[in-house]
Amino acid sequence: MSTQKTDHSLDSFGDSSASATRVTPGNALRPEDIAIQKAVPSEANAQYALRLGDDALILAQRLSHWISRGPELEEDIALGNIALDQLGHARSFLSYAALAWDKTEDDLAYFREEEEFTALHIVQQPNGHFGVTIMRQLIVSIFQHLLYTELLKSSDETIAAICAKAVKEVDYHRDHAIQWTLRLGLGTEESAEKMRHAMEILWPYVDEMFKDEPLYDELGDAGVRPSTLRAAWDEEINAVLADAELEIPKTGSAMSFGRQGQPSEHMGFILAEMQVLARKHPGATW
Amino acid sequence: MAAQNESGGKLSAVLSPEEQAGKDRFEAIIAEDSRIEPRDWMPEAYRKTLTRQISQHAHSEIIGMQPEANWITRAPSLKRKAILMAKVQDEAGHGLYLYSAAETLGTGRDELNDQLLTGRAKYSSIFNYPARSWADMGAIGWLVDGAAIANQVPLCRASFGPYGRAMVRVCKEESFHQRQGFEILLELSQGSEAQKKMAQEAINRFYAPSLMMFGPPDDDSPNSKQSMEWKIKRFSNDELRQRFVGMIAEQVKVLGLTLPDPELRFDEETGQWIHMDLDWEEFKAVIFGNGPLNAQRMERRREAHRDGAWVREAAAAYAAKMARKTEVA
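Given the structure is predicted, the values throughout are model-derived calculations rather than measurements. (Residues numbered from 1 in each chain as written. Chains lettered and ligands numbered in written order. Predicted model: local features only at pLDDT ≥ 70, side-chain atom pairs only at ≥ 80, totals over all residues. Heavy atoms only, no water.)

A few points about the overall build of chain A
Within chain A, the secondary structure is distributed over eleven helices and zero strands. Listing every helix and strand of chain A by position from the N terminus yields α-α-α-α-α-α-α-α-α-α-α. At 18 Å, chain A has a C-alpha radius of gyration in line with the 19 Å of a compact globule built from 286 residues. The principal-axis extents of the C-alpha atoms in chain A amount to approximately 55 × 45 × 40 Å. With 286 residues in all, chain A has 57% of them scored as buried. Long-range pairs, those at least 24 residues apart, make up 82% of the contacts in chain A between residues at least 6 apart in sequence. Carbon and sulfur atoms make up 51% of the accessible area of chain A, which amounts to about 11500 Å² in all. Averaging the coordinates of the 25 positive side-chain charges in chain A and doing the same for the 46 negative ones gives two points 2 Å apart. (Helix = DSSP H or I, 4+ residues; strand = E, 2+ residues; numbered from the N terminus. Rg over C-alpha atoms; globule rule 2.2 N^0.38 Å. Buried < 20%, exposed > 50% of the residue type's maximum accessible area, 1.4 Å probe, protein only. Contact = heavy atoms within 4.5 Å. Areas by Shrake-Rupley, 256 points an atom, 1.4 Å probe, with all protein chains shown as cover. Lys, Arg positive; Asp, Glu negative; His and termini not counted. Charge placed at Lys NZ, Arg CZ, Asp CG, Glu CD.)

Description of the packing of aromatic side chains
Following the criterion strictly, the structure yields 14 aromatic pairs over all chains and no others. Summarising the aromatic geometry, the rings of F214 of chain B and F244 of chain B are spaced 5.4 Å apart at their centres and angled 45° between planes, so their arrangement reads as tilted. Taken together, the residues span a long stretch of sequence, with F214 of chain B in the loop between α9 (193–212) and α10 (224–229) and F244 of chain B in helix α11 (residues 237–255) at a distance of 30 residues. Here F214 of chain B and F244 of chain B have matching classes, each one buried. An aromatic cluster is present here, built from F143, W203, F210 and W233 of chain A joined pairwise through their rings. (Phe/Tyr/Trp six-rings, centres within 6.5 Å; stacked < 30°, edge-to-face > 60°.)

Some words on the interface of chain B and chain A
Across the contact, 44 residues belong to chain B and 47 residues belong to chain A. Where chain B abuts chain A, roughly 4100 Å² becomes buried across the two surfaces, and 66% of that area is made up of carbon and sulfur atoms. A per-residue breakdown of the area chain B buries against chain A is headed by L78, W310 and Y318 of chain B, which together make up 20% of the total. There are two salt bridges connecting chain B and chain A. A salt bridge links R109 of chain B to E74 of chain A; the nearest nitrogen and oxygen atoms lie 2.8 Å apart. On the surface where chain B and chain A come into contact, there are 18 residue pairs in polar contact (both at pLDDT 80 or more). (Buried area = accessible area lost by both parts, 1.4 Å probe. Salt bridge = Lys/Arg side-chain N within 4 Å of Asp/Glu carboxyl O. Polar contact = N/O pair within 3.5 Å; in protein donor to acceptor, adjacent residues only side chain to side chain.)

Quick notes on the confidence of the model for chain B
Residue and element names in this part refer to chain B. Per-chain confidence: chain B averages 93 in pLDDT, with 96% of residues scoring 70 or above. Confidence, expressed as mean pLDDT per element, reaches its minimum in chain B at helix α1 (residues 2–7) with 44 and its maximum at α9 with 98. Taken together, the stretch residues 1–9 has pLDDT below 50 and engages in 13 contacts with residues farther than four places along the chain or on a different chain. Reported confidence for the predicted complex is 0.92 by ipTM and 0.92 by pTM. (pLDDT = per-residue confidence, 0-100.)

A short note on the environment of R132 of chain B
All names here are of chain B. Along the chain, R132 turns up in the loop between α6 (109–117) and α7 (135–152). Considered as a pair, R132 and P67 are 65 residues apart in the sequence and their alpha carbons are 8.7 Å apart. With near-sequence residues (within four places) excluded, R132 lies in contact with W71 and R205.

Some remarks on the confidence of the model for chain A
Of the residues in chain A, 90% reach a pLDDT of 70 or more, and the chain-wide mean stands at 92. Taken as a whole, residues 1–22 of chain A scores under 50 in pLDDT and shows 33 contacts with residues more than four places along the chain or in a different chain.

A short note on helix α3 (residues 73–100) of chain A
Given a rise of 1.5 Å per residue, 28 residues ought to cover 40 Å, and the 41 Å separating the end C-alpha atoms of α3 of chain A matches this to within 8%. Burial within α3 of chain A is extensive, with 23 of its 28 residues counted as buried. (Expected span 1.5 Å × (residues − 1).)

This is the structure:
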């Protein structure tokens, strides 16, 4: 793949031949471990972990809808696997954030209101047709890959450890999205048209991913200012889109402020579905 | 091909010397309980029976994803959501293995898929029952996967190699699923009154359909005898059914719940478990398309196939373009 860059940045971390789901061979970092660890995040670091967790959780929720509906059996498995990875990242980030407030991952996932969520609008966007889902994956997975790679150097050891596991998985998500973008962009006139349509409806939510917020002043070396990732993201996605013969549409940028508790209209429906059973039985264990 | 088609049937008397040698070898392999492999000679009826059985099994895995996918987005904890997602993914994987095993018999996956979508092929009728509550995720795992395992463990020794080998891996994952299902019910049975009620109702709904998964009673199962002679099948439907019911009769005690079967008992004399009469009219009605959800399950599969057509076309067009490029270069 001409668009695939060889990434050597991970070579210094762990065994590159190890399973993607392990931090080091034989040592997986599980959300259950994080939930009982002694190191509790500062308020700022917890808020940061919450943001990363919310993005992954809502994306997982969206992607999981594809299971049993994919264009091929192989895609049911692939999208299901990606959803499962994202859910795993969400569980780790939320378990960590929850420590700061004496809560659990499930308290945060099931018992927060819409405006308490901090997910970016891009991950809240509906799946649409397969091309929309792939384009959303391309946009988000390149972003997450850059972000998690930088976060390997986070001064917050737990965040760095979660990202060490997540970055390897997100690398596969990125590859999956790139492969499909090429196939759909170059495949048939219909598929190319569908991809152009996908870009038009998703591009308004791209800028929000790179907005800095006051939180970053408190985070110091624990976090990464998203604005610093923009140039690398542009370069990478432009290369893929050029190979796929797709042009970035001239759309504007939506005023979206998911990080500030202003979710999209979709969020109420997403949460209504996700939370319904847990809220019917408050205090129950499952 | 014509000669081969007829070779397993009435015209077997006119076998060519090569075919006769193949037939002798086939019979010897079956007799010594060894394995038939795809390139070996086999009677056409053996090929047909296996293609039907393996592809039905594959279709069941694929349709069986739907009742569980129905709860992924609403799973009541993130851990349960992750487990359920992994399980449904396993099922897609089983479908793929099994389609591959069926393909070794000479029918391609596209054709097998077409048989499913046009209603020419069947799938396990249990998946035409709705998964109404979260507890159904437990009952499906414990009872439906449990019955599947009871059926499938002997199939690991099926005379056709690719099928037997696929079943080894399928069974390992299925037994994991069954434990997960049991764990869901156990958690519910130790929870609130509402949770206990949910668990009991799920067992009540899935008990009889899961017993019917073993197929009709032995005296009404026309294909069983031949399958046993070919060592595809090792135990009769009724044998497997009573073995399974005995297992769950013990396990349900751990849950502190009950099976909805007033006639269930162990008969000391015969050493068999006796269960209530099952409604075979309902079973037939579901098989013939009149179960609660046959129409919905089929439409979901057709819809996914229809909606994905442009994606598959694009992938094929891209592959052709790349192949041309390689040729030119």
